[in-house]
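These are the residues of each chain, in order.
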Amino acid sequence: TTTMSYMLPHLHSGWEVDQAILSEEDRVVVIRFGRDQDQTCMVQDEVLFGIAEKVKNFAVIYLVDIDEVPDFNSMYELYDACTTMFFYRNKHIMVDLGTGNNNKINWALADKQELIDIIEIVYRGARKGRGLVVSPKDYSTKYRY
């Protein structure tokens, strides 16, 4: 399997991550924290790459290797193989996915349309000043902690 990660922009330092989150005024910043070679990340990266063009008007996607940039591992509790988080105007936007963890998606969401829907809801909610949005789909039965 070829990894799609090289097709998406990587952030190589804590400073770069901060800049990406700070400098984006109008779009949601989607960051996948993990390792490029990890199986779960490969699945997620392929989906992210597949939707990058479709969501580019309201979202920008970055990848961060948690070994290269460990700065956020304890702050965001990045203990999973693959974690996707959302930011808007320097604010972490939480998503209620029905899993009990609103901070992040810590599995590979393999359905492109579902991920687009989530990013769109994050965008719409964040623009209205909401720090927490509710996912259009409930993942509680699919991904239990």
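Residues numbered from 1 in each chain as written. Predicted model: local features only at pLDDT ≥ 70, side-chain atom pairs only at ≥ 80, totals over all residues. Heavy atoms only, no water.

### Things to note about the environment of D138
So, step 1. When you line up the elements, D138 lands in the segment after β6 (132-134).
So, step 2. Between the alpha carbons of D138 and T99 there is a distance of 7.8 Å; along the sequence they are 39 residues apart.
So, step 3. Ignoring any residue separated from it by four or fewer positions in sequence, one finds D138 in contact with L97 and G98.
So, step 4. A polar atom in the side chain of D138 sits 2.6 Å from the side chain of S140. (Helix = DSSP H or I, 4+ residues; strand = E, 2+ residues; numbered from the N terminus. Contact = heavy atoms within 4.5 Å. Polar contact = N/O pair within 3.5 Å; in protein donor to acceptor, adjacent residues only side chain to side chain.)

### Description of the pairing of strand β2 (residues 28-34)
So, step 1. Of all seven residues making up β2, seven are buried, and the element is well covered by its neighbours.
So, step 2. Burial along β2 is two-sided: V28, V30, R32 and G34 and V29, I31 and F33, pointing in opposite directions, are all buried.
So, step 3. In this structure, β2 lies alongside strand β3 (residues 59-65), joined through seven bridges in parallel fashion. Within β3, the position partnered with R32 by the bridge is L63.
So, step 4. Crossover connection from β2 via helix α2 (residues 39-55) to parallel β3: handedness right-handed.
So, step 5. By the bridge criterion, six bridges tie β2 to strand β4 (residues 82-88) in an arrangement that is antiparallel. Residue pairing in the sheet places V29 in a bridge with F87 of β4. (Buried < 20%, exposed > 50% of the residue type's maximum accessible area, 1.4 Å probe, protein only. Pairing = 2+ DSSP bridges. Right-handed = clockwise from strand over helix to strand, strands pointing away.)

### Considerations on the packing of aromatic side chains
So, step 1. Taken as a whole and assessed by the stated rule, the structure comprises seven aromatic pairs.
So, step 2. Here the aromatic rings of F33 and F72 are separated by 6.2 Å at their centres, their planes lie at 50°, and the arrangement is tilted. Here F72 lies in the loop between β3 and β4 and F33 lies in strand β2, a separation of 39 residues in the sequence.
So, step 3. The class of F33 is buried, set by a relative accessible area of 1%.
So, step 4. With a centroid separation of 5.8 Å and an interplanar angle of 10°, the aromatic rings of F72 and Y76 are classed as stacked. Y76 matches F72 in its accessibility class, with the two residues each being buried.
So, step 5. Put simply, the rings of F33, F72, Y76 and F87 touch in pairs and so form one group of aromatic residues. (Phe/Tyr/Trp six-rings, centres within 6.5 Å; stacked < 30°, edge-to-face > 60°.)

### Topic: the sheet that holds β2
So, step 1. Spatially, the six strands line up as an open sheet ordered β1-β3-β2-β4-β5-β6, and their pairing is mixed. The sheet terminates laterally at β1 (10-11) and β6, the two strands that pair on one side only.
So, step 2. Relative to strand β5 (residues 91-96), β4 runs antiparallel, the two sharing three bridges. The partner of F87 across the bridge, within β5, is H92.

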